[in-house]
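Residue-level listing of the chains:
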Amino acid sequence: MVIDIFKETPETRSIQTGDVIVARHKIAKDKVLYYKLIQEGSDGTFRLLNLISGKIMATFASKDPLDAFPYVEIAVKSEIVEIVPFNKLKLTTINESDIKAIV
């Protein structure tokens with residue numbers, strides 16, 4: 001099940017550790033971004049893992065997982081397309097050109 005982000009309002013959005021944010025860049029419209037919400041360290045700080053580069057986003061760290069939404073929308077200049085819940089993910093190793101072909 002994929003959550004339809006367009007039916008949700010900022011008040012009803014939710015995200016949990018392991019969920020993936022799929023976003024489309026506002027400037028480079030053909031660029032699709034994939035971020036996985038992770039918890040890091042013993043203090044439970046939430047971070048975003050860029051699934052294409054495999055790197056943790058250095059400028060995002062929060063105690064509230066909902067802060068990921070404005071970060072992706074404002075700092076990354078992207079429109080959130082969908083949130084894929086962790087328990088519905090089926091990840092496989094593919095390269096970036098494969099992702100562009102799927103999207």
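Above: the structure in question.
Residues numbered from 1 in each chain as written. Predicted model: local features only at pLDDT ≥ 70, side-chain atom pairs only at ≥ 80, totals over all residues. Heavy atoms only, no water.

Residue-level account of the overall build of the protein chain, with values.
The number of helices and strands found in the protein chain is two helices and five strands. Counting from the amino terminus, the protein chain carries its helices and strands in the arrangement β-β-β-β-α-β-α. Counting only residues that meet the buried cut, the protein chain has 39% of its 103 residues in that class. At a minimum sequence separation of 6, the contacts of the protein chain that also span at least 24 residues come to 46%. Only carbon and sulfur atoms are counted for the fraction: they give 55% of the accessible area of the protein chain, which is about 6600 Å². (Helix = DSSP H or I, 4+ residues; strand = E, 2+ residues; numbered from the N terminus. Buried < 20%, exposed > 50% of the residue type's maximum accessible area, 1.4 Å probe, protein only. Contact = heavy atoms within 4.5 Å. Areas by Shrake-Rupley, 256 points an atom, 1.4 Å probe, with all protein chains shown as cover.)

Provide a residue-level description of the pairing of strand β2 (residues 20-25), including the pertinent values.
Most of β2 is tucked away: five of the six residues are buried. The pairing of β2 with strand β3 (residues 32-40) spans five bridges and is classified as antiparallel. Among the inter-strand pairings, Ile21 is bridged to a residue of β3, identified as Tyr35. Pairing of β2 with strand β5 (residues 78-84), which is carried by six bridges, proceeds in the antiparallel orientation. Looking across to β5, one finds that Ile21 is bridged to Ile83. (Pairing = 2+ DSSP bridges.)

Could you give an account of the nonpolar core, naming the residues involved and the relevant values?
Formed by 17 residues in total, the largest nonpolar core has its most connected members in Ile21, Tyr35, Leu37, Leu48, Phe60, Tyr71 and Val72. Those elements giving two or more residues to this core turn out to be β2, β3, β4 (45-50), α1 (68-75) and β5. Counting residues per element, this core draws most heavily on α1, which supplies four residues. Ignoring any residue separated from it by four or fewer positions in sequence, one finds Leu37 in contact with Ile15, Gln16, Thr17, Gly18, Asp19, Phe46, Arg47, Leu48, Phe60, Pro65 and Ala68. Core analysis: the second largest hydrophobic core is formed by five residues, Val20, Val22, Val32 and Val84 among them. (Core = buried A, V, L, I, M, F, W, Y, C linked by side-chain atoms within 4.5 Å.)

Outline the side chain of Lys36, supporting the account with residue identities and numerical values.
Looking at where Lys36 falls in the secondary structure, it is placed in strand β3. Salt bridges are absent for the buried Lys36, whose nearest opposite-charge side chain, Asp19, sits at 8.8 Å. Contacts of Lys36, omitting those with residues within four sequence positions, involve Gly18, Asp19, Val20, Arg47, Leu48, Leu49, Leu51 and Phe86. (Lys, Arg positive; Asp, Glu negative; His and termini not counted. Salt bridge = Lys/Arg side-chain N within 4 Å of Asp/Glu carboxyl O.)

Run through α1, naming residues and quoting values.
Buried within α1 are the following residues: Ala68, Phe69, Tyr71 and Val72. Each element contacted by the buried residues of α1 is listed here: β2, β3, β4 and β5. Looking at the residues trailing α1, positive phi occurs at Lys77, about 55°.

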